[in-house]
Amino acid sequence: MSTRRTPEELRSHQWYGTDGLRSFSHRARTRQLGYLPEEHLGKPVIAILNTWSDINPCHVHLRDRAQAVKRGVWQAGGFPLEFPVSTLSETFQKPTPMFYRNMLAMETEELLRSYPVDGAVLLGGCDKSTPALLMGAASVDLPTVFVPAGPMLPGHWRDEILGSGTDMWKYWDDKRAGLIGDCEMAELENGLARSPGHCMTMGTASTLTAAAEAMGVTVPGASSIPAVDSGHDRMAAQSGIRIVELVWQQLTLSKILTAEAYEDAVATVLALGGSTNAVIHLIAMAGRSGVELSLDDFDRIARTVPVLANLRPGGQYLMEDFHFAGGLPGFLSRLTDVLHLDRPTVSHTSMREQLDGALVHNAEVIRERDNPLAEEGGVAVLRGNLCPDGAVIKHIAAEPHLLRHTGPAVVFDDYKEMQRTINDPALAITADHVLVLRNAGPKGGPGMPEYGMLPIPDYLLKQGVRDMVRISDARMSGTSYGACVLHIAPESYVGGPLALVRTGDAITLDVGARLLHLDVPEEELTHRRAEWTPPPNRFGRGYGALYQDQITQADTGCDFAFLSRQGDVPDPYAG
Ligand code: FES
Ligand code: MG
């Protein structure tokens, strides 16, 4: 190929291959690492960015997978070097790993820029890891392959199959309603998550890794391979082989993460009935790629794609079923009319060639076009005087009778107040009320915690109520469900209209009309706005201070303003 690089054109050549003292020193230090000159000189240096950690059950197998990637890199004639990077554990990290997504993005970018790296393999999958790694890599724009961590095995309890997250919420509600006791809960604790790997429902992790595969930054079929399947090792080795060739071909990330690729990622996410978190992450990723992607693009594309994946929380099955039903290639083969197929991918073939021959083996898991789970994509974008810059709802995971509803608001000023008072009978909440949580947005949360599936009061659960209209500036776990309006922008903490709602105000949700309306006269809202005082800043120093200074609102992806700006960063060797 005419664009094929020579060894002297490799970026790492500046570190290792020139005549000066610095090159001598880098070679001497590589001898110190135990490598012979012929093991690395003139070869593409491949950074393997590993989000493995003892505390991250979703990534605990990635230490082994990095070895498989290295195996592939060596065999293809590259020089692999593993870099440990921050781990974002959805389960353990507080206030939420969303608070640290941009930190991992920044770490990814600066590591790749500052070291002698020619290409990168990124290992991750737990929720925010995928966007964080790809955002950072997109800003550096080296050849890059993403290795998704893979879903954990299906959960089991007695004769039931369990979805991590989804069934945790369900059984927790059953416990609160007095339907099951401590013995059952102890068994559930053992059965809910029974192998390494990310959540095996179509939660945020599966949604974002599927988006990565749809965009073409993984090898084909990678995203649904169960984390502990031997096929996952083989996929990792194949990714190592591929990245070396991508470096020689100069197939940089920006040639893959195009505007068309982002459109296809949106279509994929919506047809999967994927997580609402994908809206924020894909907008942020697109920003790093210099691609304009807005909330309105999601709503537009949602009207053109049906939901075809019968996966929890919206459907019935789990990721292992999806994998054996044909995985993402099978799934995408049902959407070829809406996808841009002549795009390059990391596999040296166009998306069209990749999908050629892809089959669906189970039409119950991956539905036919004429038998969808929903006629339209899973996420709707709402507008109205409560959310001038937009809000989202995953309407396919809500009880249909709530999709057009007017009810009186019950307002909670923050999460702690809600926890303290939600079960207080004095609030006299009925199934018709609209639960409102504020100060849970990007700045107010901080980090937009996944508080958006507000709990239904115990006394209503006992009456059999399982869904209510709930609105907030928070996010919701990709494994959650219900009539939850999320991501209200601007958020209440910065003075968005959500800050002005009072208990008893009527709120109308009309998903068909894409409307969220606060039924209070404009003069009254003006009056309330004049009375509103901004809350004090939370952080006096540290990362939190940087965060509160730089975080952008949900409709623009919650990136840091200084990271999402376009502009050049000098090459470290230029100075
Ligand atoms: Fe890691 Fe769900 S906790 S993906
Ligand atoms: Mg999650």
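Just so you know, the residues in each chain are numbered from 1, in the order the chain's sequence is written. Chains and ligands are labelled sequentially in the order written, the chains with letters from A and the ligands with numbers from 1. Local features in a predicted model are, by the rule used here, given only for residues with pLDDT of at least 70; side-chain atom pairs are given and counted only at 80 or more, and totals for whole chains, interfaces and linings are based on all residues.

Student: Go over the overall build of the protein chain, please, and point to the residues and values.
Tutor: Along the protein chain, the regular secondary structure elements total 22 helices and 14 strands. Based on the C-alpha atoms only, the size of the protein chain along its principal axes is roughly 80 × 55 × 45 Å. In the protein chain, which comprises 575 residues, the share counted as buried stands at 54%. Throughout, a pair of residues is in contact if the C-beta atoms placed from their backbones lie within 7 Å. For the protein chain, the share of sequence-separated contacts (at least 6 apart) that also reach a separation of at least 24 residues comes to 78%. Only runs of H or I of at least four residues qualify as helices and only runs of E of at least two qualify as strands under DSSP, and these elements are numbered from the N terminus. Any residue surrounded by 20 or more other C-beta atoms within 10 Å of its C-beta is treated as buried, while 12 or fewer makes it exposed and the intermediate range makes it partly exposed; C-beta atoms here are placed from the backbone.

Student: Give me the confidence of the model for the protein chain: which residues, what numbers.
Tutor: Each residue carries a pLDDT score, the predictor's confidence in it, ranging from 0 to 100. Overall, the prediction assigns the protein chain a mean pLDDT of 95, with 99% of residues at 70 or greater. Listed scores for the predicted complex are pTM 0.96 and ipTM 0.91.

Student: I'd like a description of the nonpolar core, backed by residues and values.
Tutor: Core analysis: the largest hydrophobic core is formed by 165 residues, its most contacted members being Val 121, Ala 211, Leu 282, Ala 309, Leu 437 and Val 485. Structurally, this core is a two-domain feature, drawing no fewer than three residues from each of domain 1 (7-153 + 195-355) and domain 3 (380-531). For Val 485, the contacting residues outside a window of four places in its chain are Leu 382, Ala 391, Ile 393, Ile 471, Leu 509 and Leu 516. Put simply, a nonpolar core is a cluster of buried Ala, Val, Leu, Ile, Met, Phe, Trp, Tyr and Cys residues tied together by C-beta atoms within 7 Å. Those domain boundaries reflect an automatic or database domain assignment.

Student: Please give an account of the UniProt feature "domain: Dihydroxy-acid/6-phosphogluconate dehydratase C-terminal" (unreviewed entry) in the protein chain that cites residues and values.
Tutor: Here, the residues flagged by UniProt with the feature "domain: Dihydroxy-acid/6-phosphogluconate dehydratase C-terminal" (unreviewed entry) are residues 364-558. The distance separating the terminal C-alpha atoms of residues 364-558 is 37 Å; by composition the span is 16% helix and 18% strand. UniProt positions are given in the numbering used here, feature names are shortened, and annotations may be inferred rather than shown by experiment.

Student: Which residues make up the sheet that holds strand E3 (residues 119-124), and what values do they have?
Tutor: For two strands to be treated as a pair, DSSP must find no fewer than two bridges joining them. Taken together, the four strands give an open sheet; going across it, the order is E2-E1-E3-E4, and neighbouring strands pair in parallel fashion. The open sheet has two edge strands with one neighbour each: strand E2 (79-84) and strand E4 (144-148). When the angles between neighbouring strand axes are averaged without regard to direction, this sheet yields 20°. To get an axis, a line is fitted to the C-alpha atoms, and for a helix only the part in contact is used. The angle between two axes follows their N-to-C directions and goes from 0 to 180 degrees. Helix H5 (residues 98-114) rests against strand E1 (45-50), E2 and E3 of the sheet, and its axis sits at about 160° to E1.

Student: Requested: an account of the environment of Ser 254, with residues and values cited.
Tutor: Note that Ser 254 resides in helix H11 (residues 253-256). Take Ser 254: there are 15 C-beta atoms within 10 Å of it, and that puts it in the partly exposed class. Each C-alpha atom, one on Ser 254 and one on Arg 288, is 9.7 Å from the other, the two residues being 34 residues apart in sequence. With residues up to four places along the chain from it excluded, the contact list for Ser 254 reads Asp 141 and Ser 289.

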